[in-house]
Amino acid sequence: MMKTNVLRICQGAMIAALYVVLTWLANALGLANGAIQVRFSEALCILPIFTPAAIPGLFVGCLLSNIINGCVIWDIVFGSIATLIGAVGTYLLRRTKFIFTLPPVIANAVIVPFVLRYAYGVGDAHWFLVVTVAIGEVISVCILGMILKAALWKQKQAIFKEVEA
């Protein structure tokens, strides 16, 4: 039991670190914030299909990324909650073929437009922001995430192996 907990903490920490680095990269390219966001790190939102350790890892990674990138408090809080909700949804739908990619898309499409409008004063129409955020998430999670899933699938036992007690 102790070995399993340590393993999950380490896996979560690695996922958080990867999320931060990939968000920083997307931010450096001008893709991480704004109405259309293509965060490479959001591809990691498929990782709960491999390990439950991805759930806190994604949440902490998003939280740290939003702090490091100088986001306002409302974005730090609610953007991170959107990622947490998406990660939990992905975990719950992990046995589906493709539907597991939808919770992060939906959570971000519902929450982030409010953050953009009320925390950053983005003047675009609410439904326009819903569509643009959803498009960014579809690119990040449904396309890049599925590529990541395909790349990891054959090695999932070696990468995400549970420690035997």
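Reference entry: report on the structure contained in this document. (Residues numbered from 1 in each chain as written. Predicted model: local features only at pLDDT ≥ 70, side-chain atom pairs only at ≥ 80, totals over all residues. Heavy atoms only, no water.)

To continue, consider the overall build of the protein. The helix and strand tally for the protein stands at six helices and zero strands. Relative to the 2.2 N^0.38 estimate, which gives 15 Å for 165 residues, the radius of gyration of the protein is 15 Å and therefore close to what a compact globule would have. C-alpha extents for the protein along the principal axes are approximately 55 × 30 × 25 Å. Scored against the burial criterion, the 165 residues of the protein give a buried share of 45%. In the protein, of all internal contacts separated by at least 6 residues, the share reaching a separation of at least 24 is 67%. Here the protein has roughly 8600 Å² of accessible surface; of this, 74% comes from carbon and sulfur atoms. Within the protein, the 6 negative side-chain charges are centred at a point lying 12 Å from the centre of the 11 positive side-chain charges. (Helix = DSSP H or I, 4+ residues; strand = E, 2+ residues; numbered from the N terminus. Rg over C-alpha atoms; globule rule 2.2 N^0.38 Å. Buried < 20%, exposed > 50% of the residue type's maximum accessible area, 1.4 Å probe, protein only. Contact = heavy atoms within 4.5 Å. Areas by Shrake-Rupley, 256 points an atom, 1.4 Å probe, with all protein chains shown as cover. Lys, Arg positive; Asp, Glu negative; His and termini not counted. Charge placed at Lys NZ, Arg CZ, Asp CG, Glu CD.)

A few words now on the packing of aromatic side chains. A complete count under the given rule lists four aromatic pairs for this structure. Between F50 and W153 the ring centres are 5.7 Å apart and the planes differ by 50°, which places this aromatic pair in the tilted class. Of the two residues, F50 sits in the loop between α1 (2-28) and α2 (54-68) while W153 sits in helix α5 (residues 126-153), which places them 103 residues apart along the sequence. Geometrically, the ring pair formed by W74 and F78 is stacked, given 6.0 Å between the ring centres and 20° between the ring planes. (Phe/Tyr/Trp six-rings, centres within 6.5 Å; stacked < 30°, edge-to-face > 60°.)

Turning to a nonpolar patch on the surface, a few remarks are in order. A surface patch of nonpolar side chains, amounting to about 740 Å² of accessible area, comprises L84, V88, L92, L93, F98, I99, L102, I106 and V110. At the level of secondary structure, the elements contributing two or more residues to the nonpolar patch comprise α3 (73-92) and α4 (102-118). If you trace the backbone, V110 turns up in helix α4. (Patch = residues over 30% accessible without salt bridge, like charges linked within 9 Å, V, L, I, M, F, W, Y side chains within 5 Å. Salt bridge = Lys/Arg side-chain N within 4 Å of Asp/Glu carboxyl O.)

Once that is clear, we can look at α2. Taking 1.5 Å as the rise per residue, α2 with 15 residues should run 21 Å; its terminal C-alpha atoms sit 20 Å apart, in good agreement. Considered for burial, the residues of α2 that qualify are A54, I55, G57, L58, G61, C62, S65 and N66. Angularly, the buried residues of α2 cover 165° about the axis, an arc narrow enough to put them on a single face. G70, located one to two residues past α2, shows a positive phi value of around 75°. (Expected span 1.5 Å × (residues − 1). Arc of directions from axis to C-beta.)

Moving on: the nonpolar core. Ranked by size, the top nonpolar core spans 22 residues in total, and within it I46, L47, F50 and L58 carry the most contacts. Breaking this core down by element, the ones donating at least two residues are α1, α2, α4 and α5. In contact with F50, other than residues within four places in its own chain, are K149, L152, W153, K156 and F160. (Core = buried A, V, L, I, M, F, W, Y, C linked by side-chain atoms within 4.5 Å.)

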